[in-house]
Amino acid sequence: MSQALPAAGRAGARRILPALALVLVAMLVLSLVLGAVAVPPDRVLAALMGQGTGRDAVVVLQLRLPRAIMGGATGAALAVAGATLQGLFRNPLADPGLIGVSSGAALAAAVTIVLGGHLTALLPWLQTAWLLPVAAFAGGLVATRVVGAVATRDGVTSAPGMLLAGIAVNAIAMALVGLLVWMSDDRQLRDFTFWTLGSLAGADWPRTALALPLLLVPMLLLPRLALPLNAMMLGEREAGHLGVAVQRIKRQAVVLSALAVGAAVAATGLIGFVGLVVPHLVRLVAGPDQRLVIPGSALLGASLLMGADALARTLAAPAELPVGLLTSAIGGPFFLWLLTRRAR
Amino acid sequence: MIRADGVTVRIGGRILLDRVHLSVEAGRLTALVGPNGAGKSTLLAVLAGDRRPDSGTVVLDGRPLPSWRQRELALRRAVMLQDAGLDFGFTAGEVVALGRLPHGGLRPEEDRDALAAAADMAAVRDLWTKPYPALSGGERQRVQLARALAQVWSPGLDPRLLLLDEPTSALDLRHQWATLALARDLARRGWAVLAVLHDLNLAAMADHVALLNGGVLAAAGTPAEVLTPETVGGVYGIAVERVATASGLSWLSPLPPGAAG
């Protein structure tokens, strides 16, 4: 009988999930406490139990809670999509935007903001407030569909083909966005610019209720792909030899990621950095096993966006900073620090 | 165990394989040899089910290969390809453990036994907790071999098929011979093993040798029948002679151009 093998994974990697869950709870509390008016934790709790003062109840339950939920779900969705696509493309530096979903959504948003006035003049029953997220969501999915179709031959979708097609579709979408920006008036330009910076300011209960299922469904389904995605990091042929239905997994991963990112962008505009870097941070601690990276990214992405939004509301109160600025402003330097520390 | 019959593969106008017949029998180590571009890897891809031949058939254990479900196939046949890159920091042990994927984690004890056996056979125990991307080419090859072994290392699913594409190309001398000895030992246990090899003296350890040249099966048979100076010299275009070593081994030795014998 041979000697037992040592555990193959990293020591303590499994502890990352409970640790990140604690961080998430802390960020949730923070995002209910912080804001233009600080509400201390005991009064937050009272408001949550339905025993707070009228003002606390409005601030916590009507303003901050839906916003925290939307922020958490968006951050989680972006990070999970990033983790999935990085595995799928076998590239730790892949961004969810690579499959065209963000630029497609941006194009649709620009069309709605710049040309939406004409559309609502023709069809008065359309509500601009709802038109923008719906259009952005649809735009993101259409762009991903185009990328997927270009990269598919005889029913086989090539991952490198998707990356290349994504670059081309991004360039085309951004050129059209540029054209629309050029056509826009000052107010439209300002609206669009703010949209590209990302914000959770519009997150009330109705919008959150609309976006939540679209954000949650991919998040619940993608962890089921963790093992096949692990195998696919070895290579697509290798995964096929291990019994993985490579084409099906690839299709599911792309569709679910596009849904998640499309819904996130539709709900909040463009929020960079989360999808690219959160999975990376999780991997630094937990190793590349997608069974840990996908749920870990969900928890960390949610925490990061919730925390950043709490800061966005407080730093320049009573004004609000766009949260997308903060995620990049905090995350970028932190990531650089991690990289230099590891390089040593 | 697995039979290719009249397999032809074309890409564009080029014929990569031209009506190739090959039978990889259980209980036998088959070596597939031939010059660069002879179609060895293409034939292996056809046998692995990665590439459908343009004409001809592949039959595994009495059933046409396309009729096998992917998962069912994964329990019976493992494949080791050339240069498996990996940009993520899995440990060597995690890579080997991926070989157990088709078993679905239903029998943890069997998984443990398989991993331990694979780690010992491919001599990767010492590498187990090291990050795969930091390993040398030869170490990676041993890890990939261990992964393939772990995949089909379960009781009750005989015969098993192991397809190895140049499993020794980055190995040092000792590990080259250890790998061939292992492949032969697995064949003795009833497995069907096919190894694409470049070193003809390693190929001489096989029970059966198939020599491909320009997509055509140039010769097939026992090493003594196929690996003759005449056949090898004709196919590779270099003079070869058979020499007896001091220990009584019979060795194929190329003669450098100009050093006419």
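Model, not experiment: these values are computed from the prediction. (Residues numbered from 1 in each chain as written. Chains lettered and ligands numbered in written order. Predicted model: local features only at pLDDT ≥ 70, side-chain atom pairs only at ≥ 80, totals over all residues. Heavy atoms only, no water.)

K.L.:
Explain the overall build of chain B to me, please; I cannot follow it from the model alone.
P.N.:
Secondary structure assignment for chain B yields nine helices and 12 strands. Rg of the C-alpha trace for chain B: 19 Å, near the compact-globule value of 18 Å for 261 residues, within the 12% margin. Dimensions of chain B, computed from the C-alpha atoms along their principal axes, are close to 60 × 45 × 35 Å. Residues classed as buried in chain B amount to 52% of the 261 residues present. Nonlocal contacts in chain B, meaning residues at least 24 apart in sequence, comprise 64% of its contacts between residues at least 6 apart. Of the roughly 11100 Å² that chain B leaves accessible, carbon and sulfur atoms contribute 52%. With 27 positive and 27 negative side-chain charges, chain B shows a separation of 4 Å between the mean positions of the two kinds. (Helix = DSSP H or I, 4+ residues; strand = E, 2+ residues; numbered from the N terminus. Rg over C-alpha atoms; globule rule 2.2 N^0.38 Å. Buried < 20%, exposed > 50% of the residue type's maximum accessible area, 1.4 Å probe, protein only. Contact = heavy atoms within 4.5 Å. Areas by Shrake-Rupley, 256 points an atom, 1.4 Å probe, with all protein chains shown as cover. Lys, Arg positive; Asp, Glu negative; His and termini not counted. Charge placed at Lys NZ, Arg CZ, Asp CG, Glu CD.)

K.L.:
Any chance you could explain the interface of chain B and chain A here in plain terms?
P.N.:
Interfaces are often sized by the accessible area lost when the parts come together. Tallying the contact residues gives 35 residues for chain B and 31 residues for chain A. For the pair chain B and chain A, the summed buried surface comes to about 2700 Å²; carbon and sulfur atoms form 65% of the total. The tally of links from chain B across to chain A stands at one salt bridge. Put simply, B:Asp50 and A:Arg237 hold a salt bridge, and the shortest N to O gap is 2.6 Å. At the surface where chain B touches chain A, the tally comes to six residue pairs in polar contact (both at pLDDT 80 or more). Where the side of chain B that touches chain A is concerned, the elements lending two or more residues are α1 (40–48), α2 (70–76), β6 (77–80), α3 (92–98), α4 (108–121) and α5 (137–152) of chain B. (Buried area = accessible area lost by both parts, 1.4 Å probe. Salt bridge = Lys/Arg side-chain N within 4 Å of Asp/Glu carboxyl O. Polar contact = N/O pair within 3.5 Å; in protein donor to acceptor, adjacent residues only side chain to side chain.)

K.L.:
Please explain helix α9 (residues 229–236) of chain B as it appears in this structure.
P.N.:
All names here are of chain B. Considered for burial, the residues of α9 that qualify are Val232, Gly233 and Val235. Of the surrounding secondary structure, the elements contacted by the buried residues of α9 are α7 (200–203), β9 (208–213), β10 (216–221), α8 (223–226), β11 (240–244) and β12 (250–254). Trailing α9 by a residue or two, glycine 237 shows a phi angle of about 70 degrees, which is positive.

K.L.:
Is there a simple way to think about the nonpolar core in this case?
P.N.:
Considering soluble globular proteins, one finds that nonpolar side chains tend to be buried as a cluster. Counting 149 residues, the largest nonpolar core has A:Trp195, B:Val143, B:Leu149, B:Leu162 and B:Val193 as its most contacted members. When residues of this core are assigned to their parent elements, the largest contribution, 13 residues, is made by helix α11 (residues 246–268) of chain A. Once residues within four sequence positions are removed from consideration, B:Leu149 is found in contact with B:Ala118, B:Met121, B:Ala122, B:Leu162, B:Leu182, B:Leu186 and B:Trp191. Residues B:Met1, B:Val9, B:Leu81 and B:Ala210 belong to the second largest nonpolar core, which totals 31 residues. (Core = buried A, V, L, I, M, F, W, Y, C linked by side-chain atoms within 4.5 Å.)

K.L.:
Would you explain the sheet that holds β10(B) in this entry?
P.N.:
Residues and elements named next belong to chain B. Overall, mixed pairing links the six strands, which are arranged β6-β7-β8-β3-β9-β10 in an open sheet. What marks the edges here is a single partner per strand, and that holds for β6 and β10. Neighbouring strand axes in the sheet, compared pairwise and without regard to direction, differ in orientation by 15 degrees on average. As paired strands, strand β7 (residues 161–165) and strand β8 (residues 192–196) are joined by five bridges and run parallel to one another. In the sheet register, leucine 163 faces β8, and the bridge partner there is leucine 194. α1 contacts β3 (28–33), β6, β7, β8 and β9 of the sheet and is inclined by roughly 150 degrees relative to β7. Across the face of the sheet, α5 comes into contact with β6 and β7 while running at roughly 170 degrees to β6. (Pairing = 2+ DSSP bridges. Axes fitted to C-alpha atoms, helices over the stretch in contact; angles between N-to-C directions.)

K.L.:
Whenever I open this one, the sheet that holds strand β5 (residues 63–64) of chain B confuses me. Can you help?
P.N.:
Paired through their backbone hydrogen bonds, the strands of a sheet run either parallel or antiparallel. Residue and element names in this part refer to chain B. Sheet architecture is open: four strands sit in the order β2-β1-β4-β5, paired in antiparallel fashion. Whereas interior strands pair on both sides, the edge strands pair on one side only; in this sheet they are β2 (14–24) and β5. Bridge count between strand β4 (residues 55–60) and β5: two bridges; the pairing is antiparallel. Of the residues in β5, the one forming a bridge with leucine 60 is arginine 63. Where α1 meets the sheet, its contacts fall on β1 (2–11), β2 and β4, and the angle it forms with β2 comes to roughly 60 degrees.

K.L.:
Looking at this structure, how should I read the pairing of β10(B)?
P.N.:
Successive side chains on a regular strand alternate, one facing one side of the sheet and the next facing the other. Residues and elements named next belong to chain B. Sheet analysis places β9 next to β10, joined by five bridges and oriented antiparallel. Paired with asparagine 213 across the two strands is valine 216, which belongs to β10. Linking β9 to β10, which pair antiparallel, is a turn of two residues; within it glycine 214 sits at a positive phi near 60 degrees.

K.L.:
Please explain the packing of aromatic side chains as it appears in this structure.
P.N.:
Two aromatic rings are characterised by how far apart their centres lie and by the angle between their planes. Residue and element names in this part refer to chain A. For the coordinates displayed, the defined rule picks out three aromatic pairs over all chains. With 6.1 Å between their ring centres and 20 degrees between their planes, phenylalanine 192 and tryptophan 195 make a pair best called stacked. You can see phenylalanine 192 and its partner tryptophan 195 sitting in helix α7 (residues 186–197), three residues apart, about one turn around the helix. For tryptophan 195, a relative accessible area of 9% corresponds to the buried category. (Phe/Tyr/Trp six-rings, centres within 6.5 Å; stacked < 30°, edge-to-face > 60°.)

K.L.:
Even after reading the chapter, I still don't get empty space enclosed by the protein, so can you show me in this structure?
P.N.:
Any empty space left between the atoms is revealed when a probe the size of a water molecule rolls over them. Residues and elements named next belong to chain B. Under the defined criterion, the tally for this structure stands at one cavity of 30 Å³ or more. Lining the largest cavity, in full, are Arg100, His103, Leu106, Arg107, Glu110 and Asp111. In terms of residue class, the lining of the largest cavity is built from one nonpolar, one polar and four charged. (1 Å grid on protein atoms, 1.4 Å probe; cavity = no way out; pocket = protein on both sides within 12 Å on 5 of 7 lines; lining within 4 Å. Points joined across faces, edges and corners; volume = space filled by probe spheres on them. Nonpolar A, V, L, I, M, F, W, Y, C, P; charged D, E, K, R; others polar.)

K.L.:
Help me understand the packing of helix α4 (residues 101–122) of chain A against α7(A) in this model?
P.N.:
If you want to describe how two helices pack, look at the angle between their axes and the distance between the axes. Residue and element names in this part refer to chain A. Following both chains from N to C, one finds α4 and α7 inclined at 155 degrees, their axes separated by 9 Å at the closest point. Overall, the two elements α4 and α7 adopt an arrangement that is roughly antiparallel. Relative to α7, the crossing made by α4 is right-handed. Between α4 and α7, the contacting residues are Ala105, Ala106, Ala109, Ala110, Ile113 and Val114 on the first element and Gln188, Asp191, Phe192 and Trp195 on the second. (Parallel < 35°, antiparallel > 145°, perpendicular 65-115°, else oblique. Left-handed = near helix turned anticlockwise from the far one by under 90°.)

K.L.:
Just checking my understanding: could you explain the environment of A:Thr74 for this structure?
P.N.:
All names here are of chain A. Turning to its location among the elements, threonine 74 is positioned in helix α3 (residues 54–88). The spacing of threonine 74 and leucine 305 is 231 residues in sequence and 7.7 Å in space, taken between C-alpha atoms. If we skip the residues at most four places from it in the chain, threonine 74 touches Leu215, Ala264, Thr268 and Leu305.

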